[in-house]
Amino acid sequence: MSGIFGCYDIKGNTQDVTRDTYYGAFSLQHRGQESCGIAVNDNGSFLVHKAPGLVTDVFDEVTLSALTGSCAIAHARGGSPRENGLEAIQPISIKSRVGSIALTSDSVIMNANEIRDGLKDQGAIFQSNTDFEIVLSLFSRNRIRTEDSETAILETMKEIKGVYAMIFMTEDKMIGVRDPYGLRPLILGKKDDKYYFSSESCALDAIGCEIIRDFEPGEIISVSKDGISSKYYSDSATRKQDGRVCVFEYVYVARPDSVIDGMSTFDSRYRVGMALAKESPADVDIVISAPDSGNAAAEGYAAGLGKPYGAGLLKNRYIGRTFIKSTQQQRELAVRMKFAVLKTVIKDKRIAVVDDSLVRGTTTKHLIAFLRENGAKEVHLRLASPPVKYGCCYGVNASSENELPASTKTVEQIREMIGADSLAYITLDSLKASLNSIDCGVCSACFDGNFIAGKPDSSEEN
């Protein structure tokens, strides 16, 4: 997944537009640490600055001062095995027959190869293997055939299959779109004369915005000097019935202070911890978390057990979510570099460790061994999500099913593999029940195999 952000001043002022966009991208850094970029519209002239690295590394005072405009869009990109190289860095900007267009997207298009081949047959030229270049090519073609950009986006949505949240920047508009299932979040905010689009509410909070509402599934929101308007891919009943935000937003991806589709991420994780304590209690002395995404669930689990919650593990803040190594020795070192143990907290204690999920289990295995090495008497693992049995083709988890222990092993076999004294997962029903105030349903394909937006054709997987 990635983070996207946009800002448009309807009065045409340029003050704070780029800086607000910078702070928005910075606040979404947890969604991707591989690369980032900002594109601005300065009276129809588009400027783009993007590079590999974190937001604070890619942008400095000189760069931000040069990126002046009344509209800006940004991207914080997570890694993808399908899209790599400098060409995969967003936003992307092109000049077309209908003027300059820029795009930032968090998307996975299932029929990308089919569309790319068809466009090539019509004379289109591509510089990369990215999905967003296909979307922009379709949009620019459809824009020539339609009366306005919003209709062109609707036509583009009819051609693509997949999951996406996207922000288009034209010479006179900023347009956000959420896929018809709403799998990717996108939120609308406002401050003074500026409107904002963001992957998460935490980025809007950071710059003092009023959060207006979430985009509905299949909704297109357009902002221009004339104000704000919406178009929809489907009718209201269909949008309500089909709405399925990715459940992993609440399990892991989103920041705990975000509210997505009416549901607080922190509250949902805390409630899962409480339910987990009821379903799978452990006779322990203390509950700790695998920081940071396990913190809220661990607090809920401790409260449910009536046991103390302690900070037994500390996380190195200078290491991001993508700290992945290939060899066993490197992975073991990675755990030691990423985590520090408070020995006085865990020594000679029976410990329950609460984590958000177990995907491959490699890091978990080394973490448990690390805790034992530092004096833990027993280590009981509790997971705030069900077994991950299916590789997610929507971009949340790129693992193939043969890399996922839960797809072939029993819970007891996984327990033996990771070296825990006991292991338990939350049930899917309890996970969904924790989302008590959500405005829509959830996609839980990685747990139940129900890929509601389809799976790639066999040609797409190659």
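Residues numbered from 1 in each chain as written. Predicted model: local features only at pLDDT ≥ 70, side-chain atom pairs only at ≥ 80, totals over all residues. Heavy atoms only, no water.

### Some words on the layout of surface pockets
Looking at the second largest pocket, its volume works out to about 410 Å³. Elements represented by at least two residues in the lining of the second largest pocket include exactly strand S5 (92–96) and helix H5 (131–145). The greatest single-element share of the lining of the second largest pocket, amounting to six residues, is contributed by H5. For the lining of the second largest pocket, a count of residues per class yields 10 nonpolar, six polar and four charged. (1 Å grid on protein atoms, 1.4 Å probe; cavity = no way out; pocket = protein on both sides within 12 Å on 5 of 7 lines; lining within 4 Å. Points joined across faces, edges and corners; volume = space filled by probe spheres on them. Helix = DSSP H or I, 4+ residues; strand = E, 2+ residues; numbered from the N terminus. Nonpolar A, V, L, I, M, F, W, Y, C, P; charged D, E, K, R; others polar.)

### Side note on the confidence of the model for the protein chain
Per-residue confidence for the protein chain gives a mean pLDDT of 91, with 93% of residues at or over 70. Counting interchain partners and residues more than four positions distant, the pLDDT-below-50 stretch residues 321–326 has 11 contacts. (pLDDT = per-residue confidence, 0-100. Contact = heavy atoms within 4.5 Å.)

### Regarding the packing of aromatic side chains
Using the criterion set out here, one finds eight aromatic pairs in the structure. Taken together, a centroid distance of 5.2 Å and an interplanar angle of 85 degrees make the contact between phenylalanine 197 and phenylalanine 215 edge-to-face. Placement of the pair is phenylalanine 197 in strand S10 (residues 194–198) and phenylalanine 215 in the loop between strand S11 (210–214) and strand S12 (219–224), with a sequence separation of 18 residues. Classification of phenylalanine 197 by relative accessible area gives buried; the value is 0%. Of the residues examined, phenylalanine 215 reaches a relative accessible area of 1% and is grouped as buried. Each ring, one from tyrosine 394 and one from phenylalanine 451, has its centre 5.6 Å from the other, and the planes form 80 degrees; the classification is edge-to-face. Placement of the pair is tyrosine 394 in the loop between strand S21 (378–383) and helix H15 (411–418) and phenylalanine 451 in the segment after helix H17 (445–448), with a sequence separation of 57 residues. With a relative accessible area of 2%, tyrosine 394 lands in the buried category. With relative accessibility at 11%, the residue phenylalanine 451 sits in the buried group. The structure contains a cluster of three or more aromatic residues connected by ring pairs, namely Tyr22, Tyr23 and Phe59. (Phe/Tyr/Trp six-rings, centres within 6.5 Å; stacked < 30°, edge-to-face > 60°. Buried < 20%, exposed > 50% of the residue type's maximum accessible area, 1.4 Å probe, protein only.)

### So, the sheet that holds S21
Pairing in this open sheet of four strands is parallel, and the strands run S17-S20-S21-S22 from one edge to the other. The two strands at the open ends of the sheet, each matched to only one other strand, are strand S17 (286–289) and strand S22 (422–425). On average, each strand axis in the sheet is inclined to that of its neighbour by 20 degrees, with strand direction left out of account. Inspection of the sheet shows S17 paired to strand S20 (residues 350–355) by four bridges, in the parallel sense. Within S20, the position partnered with isoleucine 288 by the bridge is valine 353. Set on the sheet, helix H14 (residues 362–373) makes contact with S17, S20 and S21; between it and S21 the angle comes to about 150 degrees. Lying over the sheet, H15 contacts S21 and S22, oriented at roughly 130 degrees with respect to S22. (Pairing = 2+ DSSP bridges. Axes fitted to C-alpha atoms, helices over the stretch in contact; angles between N-to-C directions.)

### Points about the sheet that holds S11
With antiparallel pairing, seven strands are arranged side by side in an open sheet as S3-S2-S4-S1-S10-S9-S11. Taken across any chain shown, the strands that pair with only one partner, and hence form the sheet edges, are strand S3 (45–52) and S11. Between one strand and the next, the sheet's axes are offset by a mean angle of 15 degrees, whatever the strand orientation. Bridge count between strand S9 (residues 187–191) and S10: five bridges; the pairing is antiparallel. Bridge pairing links isoleucine 187 to serine 198 in S10.

### Observations concerning H5
In a regular helix each residue adds 1.5 Å, so 15 residues correspond to 21 Å; H5 covers 22 Å between its end C-alpha atoms and thus fits that length. Counting buried residues along H5, 12 of its 15 residues qualify, which places the element largely inside the surrounding structure. Buried residues along H5 sit against S5, strand S6 (99–109), helix H4 (112–121), helix H6 (149–159) and strand S7 (162–169). Capping the start of H5, threonine 130 holds a side-chain oxygen 3.5 Å from the backbone nitrogen of glutamate 133, two or three residues further along. (Expected span 1.5 Å × (residues − 1). Polar contact = N/O pair within 3.5 Å; in protein donor to acceptor, adjacent residues only side chain to side chain.)

### Focus: the nonpolar core
Grouped together as the largest cluster of nonpolar side chains are 35 residues, with contacts concentrated most on Val287, Tyr301, Leu431, Ile438 and Phe447. Ignoring anything within four residues of it in the chain, the contact list for phenylalanine 447 reads Val247, Phe248, Ser385, Pro386, Pro387, Val388, Lys389, Tyr390, Leu428 and Leu431. Leu103, Ile109, Val135 and Tyr164 belong to the second largest nonpolar core, which has 25 residues in total. (Core = buried A, V, L, I, M, F, W, Y, C linked by side-chain atoms within 4.5 Å.)

### Some thoughts on the environment of glutamate 155
Along the chain, the position of glutamate 155 falls in helix H6. Through-space distance from the C-alpha of glutamate 155 to that of glycine 176 is 15 Å; in sequence the pair is 21 residues apart. Contact partners of glutamate 155, with chain neighbours within four places excluded, come to Asn142 and Thr146.

### Some thoughts on the pattern of salt bridges
What the rule picks out here adds up to 20 salt bridges. Look at the salt bridges and you will find they share partners, linking Arg31, Asp106, Arg184, Glu200 and Glu249 into a network. (Salt bridge = Lys/Arg side-chain N within 4 Å of Asp/Glu carboxyl O.)

### Looking at the side chain of threonine 156
With respect to the helices and strands, threonine 156 occurs in helix H6. Residue threonine 156 is classed as buried on the basis of its relative accessible area of 2%. Beyond its immediate chain neighbours, meaning those up to four positions away, threonine 156 contacts Val135, Leu138, Phe139 and Asn142.

### Description of the pairing of strand S13 (residues 227–232)
Two elements, S12 and S13, share six bridges in a ladder whose sense is antiparallel. Opposite serine 222, over in S13, you have serine 229 as the bridge partner. Counting the residues between successive antiparallel strands, the hairpin from S12 to S13 contains two residues.

### Some words on the side chain of threonine 170
The residue threonine 170 is located in the loop between S7 and strand S8 (174–178) in this model. In contact with threonine 170, not counting residues within four places along its chain, are Asn41, Phe46, Ser100, Phe139 and Ser149.

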